[in-house]
Amino acid sequence: MRLEYLKSGLPVRITKGFHVGKTGKVLSVGTFEGGPKRIGALVDLGESLLIIVEPEGIEKDASPA
């Protein structure tokens, strides 16, 4: 997904990385630190963790709410 389409509250599905297939909501978009700086989205998966995902690893979640 393109970075400019990511907005807070957008329901998304993770398409790359360890959390592939999980769904969540975007909390914020920007540059995050924690080792090397990364541009991406902070995603709440509804679990006891938040993850940072690069835009290429996200797609809009089309499943009903």
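Heads up: the structure comes first, above all this text.
Below: a short report on this structure. (Residues numbered from 1 in each chain as written. Predicted model: local features only at pLDDT ≥ 70, side-chain atom pairs only at ≥ 80, totals over all residues. Heavy atoms only, no water.)

What to know about the pairing of strand S2 (residues 23-32)
Direction of pairing for strand S1 (residues 11-14) relative to S2: antiparallel, over a ladder of three bridges. Paired with arginine 13 across the strands is threonine 23, a residue of S2. (Pairing = 2+ DSSP bridges. Helix = DSSP H or I, 4+ residues; strand = E, 2+ residues; numbered from the N terminus.)

Section: the sheet that holds strand S3 (residues 38-44)
Paired through their backbone hydrogen bonds, the strands of a sheet run either parallel or antiparallel. An order of S4-S3-S2-S1-S5 is seen for the five strands of this open sheet, with the pairing classed as antiparallel. At either end of the open sheet lies a strand with only one pairing partner, and these are strand S4 (50-53) and strand S5 (58-60). Neighbour to neighbour, the strand axes of the sheet diverge by 50° on average, direction disregarded. Pairing of S2 with S3, which is carried by seven bridges, proceeds in the antiparallel orientation. When the sheet's bridge partners are listed, serine 28 is paired in S3 with leucine 42. (Axes fitted to C-alpha atoms, helices over the stretch in contact; angles between N-to-C directions.)

Overview of the nonpolar core
Leu6, Leu10, Val12, Ile14, Val26, Ala41, Val43, Leu45, Ile51, Val53 and Ile58 form the largest nonpolar core, which has 11 residues in total. Apart from residues no more than four positions distant in its own chain, valine 12 is found in contact with Lys22, Thr23, Gly24, Val26, Val43, Ile58, Glu59, Lys60 and Asp61. (Core = buried A, V, L, I, M, F, W, Y, C linked by side-chain atoms within 4.5 Å. Buried < 20%, exposed > 50% of the residue type's maximum accessible area, 1.4 Å probe, protein only. Contact = heavy atoms within 4.5 Å.)

Overview of a nonpolar patch on the surface
The grouping of Leu3, Val29 and Ile39 at the surface amounts to a nonpolar patch, some 220 Å² of accessible area in total. Tracing the chain through its elements places leucine 3 in the segment before S1. On the basis of relative accessible area, leucine 3 is assigned to the partly exposed category, the value being 33%. (Patch = residues over 30% accessible without salt bridge, like charges linked within 9 Å, V, L, I, M, F, W, Y side chains within 5 Å. Areas by Shrake-Rupley, 256 points an atom, 1.4 Å probe, with all protein chains shown as cover. Salt bridge = Lys/Arg side-chain N within 4 Å of Asp/Glu carboxyl O.)

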